[in-house]
Amino acid sequence: MHIAAYIFGLMYYVLAPLSLCSSEVGEMVMSTIQCTFHKNVRQGANNFGFDMQWVELIFKMVWLPWIGGAFFIWGWIHQYKCHTILASLRSKDKSKGNHATGYMVPYGDWFDCVSSAHYLAEIVMYLGLVIATGGQLTVWLLFTFVVFNLSVAAVETHKWYLSKFEDYPRSRWAICPFLF
């Protein structure tokens, strides 16, 4: 993958949740800068004091952004693990001298339950955005599109795995355990 695409994706997934609570974050950052500046002017440039005002601003935030952020981070961590597993399949294939031309079945993390674990992780991330925004209509529409789009791709991927590999685990679901 091109490094610029990786950096852009990383920035998007870090900054998207912060934009959901932008007024609180902006207020917190500005307050911290102002307090630090005023204390440094009064107490000397090398004396940085700790101000509890930013802690109060964090607690002003409602709970939905925190819960949604937790879902988002949970999905993000699993998406990273799943992509690491998928990337390791290529390196294992190259080590056998196959020059990454063969296909392998992924195992580990959510791949033990579903065929497209990386898609499931993406859906969990978008669910976090829905929760964090309090269920705004536009975010629900985005979430619905992502779920539909990734579900179609996951079902096709699952069918392909089943047809390509005789020993493919039949207990795996396409994208969502116990549903499909």
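The structure reproduced in this document is the subject of the present report. Note that the coordinates shown come from a computational prediction; the quantities given were computed from them, not determined experimentally.

1. Section: the environment of S115
(1) Moving on: By the element assignment, S115 lies in the loop between helix 4 (63-95) and helix 5 (117-132).
(2) Moving on: The spacing of S115 and Y168 is 53 residues in sequence and 9.8 Å in space, taken between C-alpha atoms.
(3) Moving on: When neighbours within four sequence positions are excluded, S115 is seen to be in contact with H158, Y161, Y168, R172, W173 and A174.
(4) Moving on: A distance of 2.5 Å separates the side chain of S115 from the side chain of Y168, its partner in a polar contact.

2. Quick word on the packing of aromatic side chains
(1) Moving on: Under the definition given, this model contains 9 aromatic pairs.
(2) Moving on: Judged by centre distance (5.5 Å) and plane angle (65 degrees), the ring pair of W160 and Y161 falls under edge-to-face.
(3) Moving on: Ring centres of Y161 and F165 lie 6.1 Å apart, and the angle between their planes is 35 degrees; this geometry places the pair in the tilted category.
(4) Moving on: The exposure class of F165 is buried, given its relative accessible area of 12%.
(5) Moving on: Put simply, the rings of Y103, W160, Y161, F165 and Y168 pair up and form one aromatic cluster.
(6) Moving on: Between R172 and the ring centre of Y107, over which it is positioned, the NZ or CZ distance is 4.9 Å.

3. Thoughts on the nonpolar core
(1) Moving on: One finds W110, A117 and I175 to be the most contacted residues of the largest nonpolar core, which totals 21 residues.
(2) Moving on: Listed by contribution, the elements that provide at least two residues to this core are helix 4, helix 5 and helix 6 (137-164).
(3) Moving on: Sort the elements by how many residues they give to this core and helix 5 lands first, with 9 residues.

4. Here we look at helix 5
(1) Moving on: For helix 5, with 16 residues, the first-to-last C-alpha span of 23 Å sits near the 22 Å given by 1.5 Å per residue.
(2) Moving on: Extensive coverage of helix 5 is indicated by the burial of 14 of its 16 residues.
(3) Moving on: In the stretch just after helix 5, G134 is the one whose phi turns positive, near 75 degrees.

5. With respect to a nonpolar patch on the surface
(1) Moving on: Together, I3, Y6, I7, L10, M11 and Y80 make up an exposed nonpolar region whose accessible area comes to about 620 Å².
(2) Moving on: By the secondary structure assignment, M11 is in helix 1 (residues 3-20).
(3) Moving on: When its relative accessible area of 45% is taken as the criterion, M11 is described as partly exposed.

Calculation notes
- Positions within a chain are numbered from 1, following the residues in the order the chain's sequence is written.
- Thresholds applied to this predicted model are a pLDDT of at least 70 for local features of residues and 80 or more for the giving and counting of side-chain atom pairs; totals over whole chains, interfaces and linings are not thresholded and use all residues.
- With hydrogens and water stripped out, all remaining heavy atoms of the structure feed into the side-chain values.
- Counting from the N terminus, the helices are DSSP H or I runs at least four residues long and the strands are E runs at least two residues long.
- Residues are treated as being in contact if the distance between any of their heavy atoms lies within 4.5 Å.
- In protein, a polar contact means a hydrogen-donor-capable atom and an acceptor-capable atom, both N or O and within 3.5 Å, with residues adjacent in sequence counting only if both atoms are side-chain atoms; elsewhere, any N or O pair within 3.5 Å suffices.
- Ring pairs are drawn from Phe, Tyr and Trp, using the six-membered ring of Trp, whenever the two centres fall within 6.5 Å, and their geometry is named by plane angle: stacked under 30 degrees, edge-to-face over 60, tilted for the rest.
- Exposure classes here rest on a 1.4 Å probe applied to the protein chains alone. A residue is buried below 20% of its type maximum, exposed above 50%, and partly exposed in between.
- As a reminder, the over-ring test applies to NZ of lysine and CZ of arginine, requiring each to be within 6 Å of the ring centre and within 35 degrees of the ring normal.
- Residue types Ala, Val, Leu, Ile, Met, Phe, Trp, Tyr and Cys, when buried and joined through side-chain atoms within 4.5 Å, form a set referred to as a nonpolar core.
- In this scheme, a helix's expected span is set at 1.5 Å multiplied by one less than its residue total.
- Residues enter patches when their relative accessible area tops 30% and they take part in no salt bridge; the joining distance is 9 Å for like charges and 5 Å for the nonpolar side chains Val, Leu, Ile, Met, Phe, Trp and Tyr.
- Here the open area of atoms and residues is found with the Shrake-Rupley method and a 1.4 Å probe, where only the protein chains shown may cover a residue.
- By definition, a salt bridge exists where a carboxyl oxygen of Asp or Glu is found within 4 Å of a side-chain nitrogen of Lys or Arg.

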